[in-house]
Amino acid sequence: MKQLLTLSMVFILGGTLSLEAQNPNLNYNKFKQLYDELPTPNNYRTASGAPGHEYYQQRADYVMDIVLDDEKQVIRGTETITYHNNSKDPLPYVWLQLDQNRRAKDSDTYKIQTNEIDEEMSFASLQRLHNRFDGGFNIESVTSTEGKPLKHVINKTMMRVNLPQTLLPGQKVSFNVKWWYNINDRMKWGGRSGLEYFADEDNYLYTIAQFYPRMAVYNDVEGWQHKQFLGSGEFTLSFGDYEVRLTVPADHIVGATGEIQNAKTVLTAAQRSRLEEAKKNTKDPVFIVTPEEAKANESSRTDKTKTWIYKAANVRDFAFASSRKFIWDAMGVVQNGRTILAMSLYPKEGNPLWEKYSTRVVAHTLNTYSSYTFDYPYPVAYSVHTNRIGMEYPMICFNGGRPEADGTYSERTKYGMLGVIIHEVGHNYFPMIVNSDERQWTWMDEGLNSFLEYITEQAWEADFPIRAGKPEKIVNYMKTDKDKISPIMMNSESVLNLGPNAYSKPATALYILRETIMGRELFDLAFKEYATRWKFKDPTPADFFRTMEDASGVDLDWFWRGWFFTTDHVDIAMDDVKWLQINTKNPEVENALAKAQAKASPKYIGDVRNATATTIIDQDTRMRDFYNDYDPLEVTVLDQKAYDKYLSSLDEDEKAILNANYQYYSINFSNVGGLVMPIILEFKFIDGTSEEVRIPAEIWKRNNKEVSKIFFFEKEVSEIVMDPHLETADVDRDNNYWPPRQEPSRFELFKRRGAGDRENPMQKAKRVEDMKEGQ
């Protein structure tokens with residue numbers, strides 16, 4: 001029993017030890033290369049981060065007929081999928097994604113949700129708890145092109161289809177799927193797509209995506225990527241060509257991935273003419289459907305339908321929006337001789353914000369993102385407004401940002417709307433073109449996109465109120481309890497605090513890389529190389545990490561390790577500062593300095609009190625000897641000879657250093673947070689000037705925990721500030737100063753106000769004007 005108890009104690013105590021303490025003989029250096037973390041390069045993906053000579057990716061083409069039932073709020077569809085096997089592997093079966101099954105009543109998404117009832121609970125939360133809505137796919141048939149049933153098995157959000165014959169390398173196969181599902185009310189049930197109902201008009205606005213069974217990806221990394229869709233990890237898809245026939249009420253306006261093929265059938269002559277005009281207008285949007293026309297259309301009802309035909313080439317997905325409420329405007333965006341149509345669809349409830357900003361922001365986003373990546377390759381880019389959403393698809397995105405009913409809007413609403421449009425339009429680049437695996441790695445599209453979103457926002461307005469990007473914005477998250485956060489390199493469904501983890505932290509890391517570690521020129525070259533290399537291909541994290549190093553010539557393994565593979569934070573402390581001067585050995589100089597220091601030195605309080613008392617030595621001079629009258633600081637001939645001998649041993653450079661009167665400062669630094677970073681110091685001098693010194697992170701290579709360094713100047717330093725521009729996301733500023741000082745934290749006093757008491761500044765201004773008019 002005693003032996004068992006001892007083992008148990010060792011196990012418990014061992015659990016509290018760091019890995020380094022448990023295994024001291026392993027290499028835990030933060031500059032260790034990422035050979036253990038990254039996959040071995042191969043013929044598919046090279047050590048440089050580029051696609052290898054045997055790189056492949058599968059392809060899936062779709063021909064679909066979709067019916068939007070506006071009376072029952074149902075989608076019905078049939079599709080013919082043609083799947084191309086470009087791998088070297090024979091495939092006896094294929095996998096399809098049934099994302100709508102996340103909304104099936106027996107969905108694992110509902111089963112794994114944790115919740116509890118507090119003293120208050122909203123009806124919406126309670127309704128979701130009861131799960132009254134059934135929005136899963138109803139698969140009616142899966143058949144060959146000859147109409148023969150194909151055996152298939154549905155496993156929650158995935159469906160396996162057994163092929164009549166094994167699909168050999170280089171071959172393709174076509175098959176049909178027929179299905180339907182109930183469209184979810186996003187305002188009630190949430191979701192990336194669905195409907196918004198306008199009860200006062202009995203009108204619907206549909207933003208529809210994940211509406212069809214989609215091919216899963218088969219690749220060299222995962223084989224079949226058929227990880228279940230639980231809600232957080234988004235989509236992993238193959239490129240292909242789409243031809244989609246969308247049958248909707250005849251009074252609806254439709255926007256979708258791709259280009260309209262039958263404009264003469266579904267648009268009026270005036271609308272077609274306005275579209276042509278919009279292509280030529282690169283300054284201001286042109287109305288295709290005016291606000292007046294949209295308002296008149298809202299009250300119309302018809303039992304007739306129209307079929308809008310769209311084609312899209314080399315896209316990974318397809319989405320559409322449909323409503324009789326849409327205002328439609330467009331403008332041209334010219335890139336290297338090509339004209340792209342930037343367009344917006346929005347109900348009147350979006351104005352005045354949407355008419356003024358949306359399409360202009362789309363155009364601005366395309367131009368800014370393209371300057372850091374590649375020319376936008378598609379013919380159109382839509383921004384569609386429906387309330388409380390932000391979701392992206394090829395050539396089309398769904399965005400929130402709605403003014404109040406009286407047309408006023410808060411600053412938060414305005415900039416939130418601008419930010420979400422930039423973000424979702426930006427997703428055309430990541431992941432719609434640089435096609436990362438969202439199901440596995442949310443950060444690869446959200447983080448990179450949030451980084452470029454920040455740059456685009458700043459290019460729109462210098463004082464744009466940003467959500468992510470600057471290092472100081474991530475500090476509170478970085479210092480969070482480590483039990484509540486995850487490394488960035490974590491599967492999308494398992495991440496804690498998804499927003500900061502997958503959006504803000506990687507965006508901040510890239511900002512720091514660009515502004516502090518690499519510099520803008522090297523970073524921009526490498527980032528553009530990554531985007532170009534993997535345009536219309538499927539990169540992994542290793543491909544990104546390796547390309548950034550390969551294209552810049554900068555070893556960044558330490559940076560990827562700290563920022564992406566750990567939850568370490570930045571907290572570099574300035575522990576000790578010593579001020580030193582060279583001993584010149586010149587007796588005239590050193591002895592005079594010693595006399596001055598002695599004179600300035602504070603006396604012991606007892607010495608001060610006894611200074612006026614008569615001592616024995618004063619009373620009896622016989623008690624005095626040589627040492628009572630000897631001045632140890634008096635320069636003697638011997639002192640001068642020793643100095644002359646010392647000088648004769650020095651060369652001219654050494655004499656120059658000796659006589660330069662430099663001020664030396666020895667500083668000890670400690671890495672409290674664990675994340676190694678550059679040390680950036682601002683030295684302020686007593687004459688009011690300052691100097692900045694930037695030390696690369698490699699100073700920590702031999703000792704990740706403590707380092708010391710000496711700095712010298714011709715002037716005396718009055719203050720030292722570490723990370724003066726807040727570049728490194730250091731979480732504790734109190735240990736960044738010499739002499740030490742503390743930064744105050746801010747707290748706010750407030751009175752609780754009812755929701756009905758709140759008004760935005762525009763409403764307040766309007767009320768003031770009304771009062772003036774009343775006077």
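Residues numbered from 1 in each chain as written. Predicted model: local features only at pLDDT ≥ 70, side-chain atom pairs only at ≥ 80, totals over all residues. Heavy atoms only, no water.

Next up on the list: the sheet that holds strand β29 (residues 717-722). Pairing within the open sheet is antiparallel, and its four strands lie in the order β27-β26-β29-β30. The open sheet terminates on both sides in strands that have one partner only, identified here as β27 (690-695) and β30 (737-738). Relative to β30, β29 is paired through two bridges, and the arrangement is antiparallel. The residue bridging I720 from the neighbouring strand is W738, located in β30. (Pairing = 2+ DSSP bridges. Helix = DSSP H or I, 4+ residues; strand = E, 2+ residues; numbered from the N terminus.)

The next thing to look at is the environment of I616. Examined against the element boundaries, I616 turns out to sit in helix α19 (residues 616-619). Of the residues examined, I616 reaches a relative accessible area of 56% and is grouped as exposed. Between the C-alpha atom of I616 and that of F137, which follows or precedes it by 479 residues, the distance is 109 Å. (Buried < 20%, exposed > 50% of the residue type's maximum accessible area, 1.4 Å probe, protein only.)

Our next topic: the confidence of the model for the chain. Of all residues in the chain, 91% have pLDDT values of 70 or greater, and the mean over the chain is 91. Here residues 1-16 is a poorly scored stretch, pLDDT under 50, and it has one contact once near neighbours within four places are set aside; other chains count. The model gives residues 753-757 a pLDDT under 50, and that stretch makes one contact with residues more than four places away or in other chains. (pLDDT = per-residue confidence, 0-100. Contact = heavy atoms within 4.5 Å.)

A complete count under the given rule lists 42 salt bridges for this structure. Of the charged contacts, one joins D550 and R533 as a salt bridge, the two residues approaching to 2.6 Å between their closest N and O atoms. Taken as a pair, D550 in helix α15 (residues 541-552) and R533 in helix α14 (residues 520-533) lie far apart in primary sequence, 17 residues in all. Accessibility expressed as a relative area gives 17% for R533, which makes it buried. Across the pair K655 and E652 runs a salt bridge, and its minimum N-O distance is 3.8 Å. Taken together, the residues span about one helical turn, with K655 and E652 both in helix α22 (residues 652-659) at a distance of three residues. Its relative accessible area of 25% is what places K655 among the partly exposed residues. Of the residues examined, E652 reaches a relative accessible area of 59% and is grouped as exposed. Taken together, the shared-partner salt bridges in this structure form one network comprising E201, E298, K325, K348 and E349. (Salt bridge = Lys/Arg side-chain N within 4 Å of Asp/Glu carboxyl O.)

Attention shifts here to the pairing of strand β5 (residues 152-155). Direction of pairing for β5 relative to strand β6 (residues 158-167): antiparallel, over a ladder of four bridges. Bridging from a neighbouring strand, V153 pairs with R160 of β6.

On to the packing of aromatic side chains. Evaluated as defined, the whole model comprises 57 aromatic pairs. Residues F545 and F564 carry aromatic rings whose centres are separated by 5.4 Å and whose planes lie at 70° to one another, so their mutual orientation is edge-to-face. Of this pair, F545 sits in helix α15 while F564 sits in helix α16 (residues 557-564); the two residues are 19 residues apart in sequence, bridging distant segments of the chain. Taken together, F31, W443, Y530, F544, F545, W558, F559, W560, W563, F564 and F565 form an aromatic cluster joined through their ring pairs. The ring centre of F235 lies 4.6 Å from the NZ or CZ of R214, which sits over that ring. Above the ring of Y646, the side-chain terminus of K585 is found at 4.6 Å from the ring centroid. (Phe/Tyr/Trp six-rings, centres within 6.5 Å; stacked < 30°, edge-to-face > 60°. Lys NZ or Arg CZ within 6 Å of the ring centre and 35° of its normal.)

Moving on: the nonpolar core. Counting 188 residues, the largest nonpolar core has W443, F544, F559, W563 and F669 as the members making the most contacts within it. For this core, the leading source of residues is helix α9 (residues 353-372), giving nine residues. F544 has contacts with W443, M444, L448, L510, F527, Y530 and W560, leaving out every residue within four places of it along the chain. (Core = buried A, V, L, I, M, F, W, Y, C linked by side-chain atoms within 4.5 Å.)

Strand pairing in a sheet takes place through backbone hydrogen bonds and is either antiparallel or parallel in direction. Across the sheet, four strands lie side by side as β5-β6-β3-β10; this open sheet has antiparallel pairing. For this open sheet the edge positions go to β5 and β10 (214-215), each flanked by a neighbour on one side alone. Taken together, the two bridges between strand β3 (residues 91-97) and β10 define a ladder with antiparallel strand orientation. Paired with L96 across the two strands is M215, which belongs to β10.

So, about the packing of α9 against helix α10 (residues 411-426). Remark: α9 packs on α10, axes separated minimally by 9 Å, with the N-to-C direction vectors making an angle of 40°. The orientation of α9 relative to α10 falls into the category oblique. Seen from above, α9 lies across α10 with right-handed handedness. Residues L353, W354, Y357, S358, V361, V362, T365, L366 and Y369 of α9 form the contact with α10, whose own contacting residues are T413, K414, M417, L418, I421, I422, V425 and G426. Taken together, the residues of the contact of α9 with α10 break down into twelve nonpolar, four polar and one charged. (Axes fitted to C-alpha atoms, helices over the stretch in contact; angles between N-to-C directions. Parallel < 35°, antiparallel > 145°, perpendicular 65-115°, else oblique. Left-handed = near helix turned anticlockwise from the far one by under 90°. Nonpolar A, V, L, I, M, F, W, Y, C, P; charged D, E, K, R; others polar.)

It is worth spelling out the side chain of R103 at this point. Checked against the element boundaries, R103 lands in the loop between β3 and α3 (108-111). No salt bridge forms around the buried R103; measuring N to O, its nearest opposite-charge neighbour D185 is 9.9 Å away. Among the polar contacts listed, one links the side chain of R103 to the backbone oxygen of G190, at a separation of 3.0 Å. Those residues in contact with R103 that sit more than four places away from it in its chain are Y110, F133, D134, G135, G136, N184, W189, G190 and G191. (Lys, Arg positive; Asp, Glu negative; His and termini not counted. Polar contact = N/O pair within 3.5 Å; in protein donor to acceptor, adjacent residues only side chain to side chain.)

Considering the arrangement of structural elements, one finds V384 in strand β21 (residues 380-385). Under the relative-accessibility criterion, V384 is labelled buried at 0%. Each C-alpha atom, one on V384 and one on E37, is 41 Å from the other, the two residues being 347 residues apart in sequence. Apart from residues lying up to four places away in sequence, V384 is in contact with T207, A321, F326, L345, W354, I396, C397, F398 and N399.

All right, on to a negative patch on the surface then. A surface patch of negative charge is lined by E116, D118, E119 and E120. The topology assignment puts E116 in the loop between α3 and α4 (123-130). (Patch = residues over 30% accessible without salt bridge, like charges linked within 9 Å, V, L, I, M, F, W, Y side chains within 5 Å. Areas by Shrake-Rupley, 256 points an atom, 1.4 Å probe, with all protein chains shown as cover. Charge placed at Lys NZ, Arg CZ, Asp CG, Glu CD.)

Moving on to the packing of α10 against helix α11 (residues 443-460). One can describe the packing of α10 onto α11 by two numbers: an axis separation of 9 Å at closest approach and a directional angle of 130°. The angle between α10 and α11 places the two elements in the oblique class. Between α10 and α11 the crossing geometry is right-handed. Contacts between α10 and α11 involve L418, G419, I422, H423 and G426 from the former and E446, N449, S450, E453, T456, E457 and W460 from the latter. Tallied by class, residues from the contact of α10 with α11 come to three nonpolar, six polar and three charged.

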